[in-house]
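One-letter residues, chain by chain:
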Amino acid sequence: MKKIKLASKDAYELATVMAVTIREQSEKLDFKEVINLQKTVNYIISCVQKFSDGIDRINKDKQSLVEVSNKKISEYKNKLQTNSDKKGEIDEKYKEKLDVFVNLVLEEANEHIAKEISPQYEALYSGIGEEMAEFELEDEKQKILVINFEKYAKEKYNNKSKMVEVYESLIAV
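**Notes on the packing of aromatic side chains**
Part 1 of the argument: Inspection of every chain in the model, using the stated rule, returns six aromatic pairs.
Part 2 of the argument: Judged by centre distance (5.4 Å) and plane angle (65°), the ring pair of Tyr12 and Phe51 falls under edge-to-face. Note that Tyr12 is positioned in helix H1 (residues 8–25) and Phe51 in helix H3 (residues 49–87), a separation of 39 residues in sequence.
Part 3 of the argument: What makes Tyr12 buried here is its relative accessible area of 15%.
Part 4 of the argument: The class of Phe51 is buried, set by a relative accessible area of 0%.
Part 5 of the argument: Between Tyr43 and Phe135, the ring centres sit 6.2 Å apart and the planes meet at 85°, which makes this aromatic pair edge-to-face. Here Tyr43, found in helix H2 (residues 31–47), pairs with Phe135, found in strand S2 (residues 132–137); they are 92 residues apart in sequence, far enough to count as distant.
Part 6 of the argument: In this structure Tyr43 comes out as partly exposed when scored by relative accessible area, which is 32%.

Right, here's the structure in full:
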């Protein structure tokens, strides 16, 4: 058994990167690798459950905002279409009106995200995200995780120095 210690946010990101790797690279992976990686991802997520639940809650809030915005756009589009149908002619400024409305709704959504959603992420990452998570992996699962991390993580991490830090934690065990 290998003990790995990471900040909750880093463990969550590792699990997310490996989950994406499983989804995108499954045809290149052995069945045994897929099973072991998926079990490892599930286990890591369970070790940072509070952080994961926080991310899920914030993502749900963000998704509901997107749905509301899409509904507004759809309703406006239907209104424009209905008005055109009633008049029996196509509104020449239909696309222009729709583009203006879409931009307005997107600006409103981005403002809301900046004011309401982003601070929630920041609080989560600087709070629970900083708490250390410790988990143990069987030697074989740790080896499979490291091998696939080496192959695919560089494509998934935006913060390369964080990637190196996580990698060093994985191999230092």
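**With respect to the pairing of S2**
Part 1 of the argument: Only one face of S2 is covered, namely the face carrying Ala133, Phe135 and Leu137; the face carrying Met132, Glu134 and Glu136 is uncovered.
Part 2 of the argument: As paired strands, strand S1 (residues 2–7) and S2 are joined by six bridges and run antiparallel to one another. Residue pairing for S2: Ala7 is matched across the bridge by Met132.

**Side note on the nonpolar core**
Part 1 of the argument: Counting 37 residues, the largest nonpolar core has Leu14, Met18, Phe135, Phe149, Tyr157 and Leu170 as its most contacted members.
Part 2 of the argument: Contributing elements (two or more residues each) for this core: S1, H1, H2, H3, helix H4 (94–126), S2, helix H5 (139–156) and helix H6 (160–171).
Part 3 of the argument: The element best represented in this core is H1, accounting for seven residues.
Part 4 of the argument: Excluding residues within four positions of it along the chain, Leu14 makes contact with Leu6, Ile44, Phe135, Leu145, Phe149, Tyr157, Val166 and Leu170.
Part 5 of the argument: If you look at the next biggest cluster of nonpolar residues, it comprises six residues, including Ile73, Tyr76, Leu80 and Leu98.

Cut-offs used in this document
Residues numbered from 1 in each chain as written. Predicted model: local features only at pLDDT ≥ 70, side-chain atom pairs only at ≥ 80, totals over all residues. Heavy atoms only, no water. Phe/Tyr/Trp six-rings, centres within 6.5 Å; stacked < 30°, edge-to-face > 60°. Helix = DSSP H or I, 4+ residues; strand = E, 2+ residues; numbered from the N terminus. Buried < 20%, exposed > 50% of the residue type's maximum accessible area, 1.4 Å probe, protein only. Pairing = 2+ DSSP bridges. Core = buried A, V, L, I, M, F, W, Y, C linked by side-chain atoms within 4.5 Å. Contact = heavy atoms within 4.5 Å.

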